[in-house]
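# Topology and contacts: notes
Spelled out, the chains give:
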Amino acid sequence: MLSVFLLILFVSFSVVIFFGAPYLPTLKKEKIEAIALLDLRKGELFLELGSGDGRMLKAMAKNQVFCIGYELNPLLVLISKVICWRQREYITIKWANFWNEKLPNADGIYVFLLDKYMEKLNSKIFKQKNSHPIKLVSYAFEIPKKKYEKKKGPLYLYKY
Ligand SMILES: C[S@@+](CC[C@H](N)C(=O)[O-])C[C@H]1O[C@@H](n2cnc3c(N)ncnc32)[C@H](O)[C@@H]1O
């Protein structure tokens, strides 16, 4: 039984590396700073691509911002649903590969990916965006050849 559980754990956390960044949570200080950089208002829409354990969604929803998290790891989806339960009116967590999703018109997006995915992310946002302005904060990794609006420690703010 324990070995089956460990196998599920191993598969859940390792398969993700073929599609994006492995799990590493944003720390409290950067979480607060990312939320301040995005500066979203009540009723706006926030997306987190690779939402991990849901800590960013939970903090954002406290400002009455509607949030959608996309997470590939099913265990993290379950954990984040528990963590975000009290804010469920504002938070949707999808068990999904965000590369395959058509993203809704969002006001803000947060990512903590890897360097090698930043160009692909930029193209995805460009392809799907309309006239609606989007703010994007990336933890640790810059978008190649795109000028950021602001930098705060390891966080980069971009506008589309
Ligand atoms: C570095 S962690 C960041 C987690 C969270 N955003 C945070 O800052 O605390 C990256 C997360 O993205 C998820 N992930 C990676 N590639 C993904 C994909 N293609 N679709 C959905 N989730 C993905 C991983 O499972 C992991 O939880």
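## Quick word on helix α2 (residues 28-38)
By the burial criterion, the buried members of α2 are Glu-30, Ala-34, Ile-35, Leu-37 and Leu-38. Down the axis of α2, the buried side of the element spans an arc of 160 degrees, and every buried residue falls inside it. Along α2, the residues that are exposed and aim more than 90 degrees away from the buried face are Lys-28, Lys-29, Ile-32 and Ala-36. Each element contacted by the buried residues of α2 is listed here: α3 (55-61), β4 (108-111), β5 (135-139), β6 (150-152) and β7 (155-159). Positive phi appears at Asp-39, one or two residues downstream of α2, with a value of about 50 degrees.

## Re the nonpolar core
Ala-34, Met-60, Cys-67 and Val-137 are the most contacted members of the largest nonpolar core, which totals 35 residues. Among all residues touching Met-60, those that are not within four sequence positions of it are Ile-35, Leu-40, Phe-46, Val-65 and Cys-67.

## Focus: unusual backbone geometry
Even without a glycine there, the phi angle at Gln-64 is positive, about 60 degrees. Turning to its location among the elements, Gln-64 is positioned in the loop between α3 and β2 (66-71). Of note in this structure, Ala-140 is not a glycine but carries a positive phi near 75 degrees. Tracing the sequence through the fold places Ala-140 in the loop between β5 and β6. Judged by the 17 C-beta atoms lying within 10 Å of it, Ala-140 is partly exposed.

## A closer look at the site of the ligand
The environment of the ligand is made up of 23 residues, and the closest members are Gly-20, Thr-26, Gly-50, Gly-52 and Leu-72. Listing elements by their share of the shell around the ligand, those giving two or more residues are α3 and β2. Looking at the shell around the ligand residue by residue, the classes come out as 13 nonpolar, seven polar and three charged.

## Structural notes on the sheet that holds β5
If you walk across this open sheet you meet the seven strands as β3-β2-β1-β4-β5-β7-β6, and the pairing is mixed. For this open sheet the edge positions go to β3 (91-95) and β6, each flanked by a neighbour on one side alone. Sheet twist, expressed as the mean angle between neighbouring strand axes with direction ignored, is 15 degrees. Here β4 pairs with β5 via four bridges, running parallel. The residue of β5 that forms the bridge with Tyr-110 is Val-137.

## Observations concerning the environment of Ala-61
With respect to the secondary-structure elements, Ala-61 resides in helix α3. Given 20 C-beta atoms within 10 Å, Ala-61 falls into the buried group. Along the sequence, Ala-61 and Lys-42 sit 19 residues apart, while their C-alpha atoms lie 8.9 Å from each other. The contacts of Ala-61, once residues within four sequence positions are left out, are Cys-67, Gln-87, Tyr-90 and Ile-91.

## Examining the pairing of β2
Of all six residues making up β2, six are buried, and the element is well covered by its neighbours. Burial along β2 is two-sided: Phe-66, Ile-68 and Tyr-70 and Cys-67, Gly-69 and Glu-71, pointing in opposite directions, are all buried. The pairing of strand β1 (residues 45-49) with β2 spans five bridges and is parallel. In the sheet register, Phe-46 faces β2, and the bridge partner there is Cys-67. Read as a crossover between parallel neighbours, the route from β1 over α3 to β2 is right-handed. As paired elements, β2 and β3 share five bridges and run parallel to each other. Counterpart to Gly-69 in the pairing with β3 is Ile-93.

Parameters and conventions
- Residues numbered from 1 in each chain as written.
- Predicted model: local features only at pLDDT ≥ 70, side-chain atom pairs only at ≥ 80, totals over all residues.
- Buried ≥ 20, exposed ≤ 12 C-beta atoms within 10 Å, placed from the backbone.
- Helix = DSSP H or I, 4+ residues; strand = E, 2+ residues; numbered from the N terminus.
- Arc of directions from axis to C-beta.
- Contact = placed C-beta atoms within 7 Å.
- Core = buried A, V, L, I, M, F, W, Y, C linked by C-beta atoms within 7 Å.
- Near = placed C-beta within 6 Å.
- Nonpolar A, V, L, I, M, F, W, Y, C, P; charged D, E, K, R; others polar.
- Pairing = 2+ DSSP bridges.
- Axes fitted to C-alpha atoms, helices over the stretch in contact; angles between N-to-C directions.
- Right-handed = clockwise from strand over helix to strand, strands pointing away.

Purely geometric numbers; function is a separate question.
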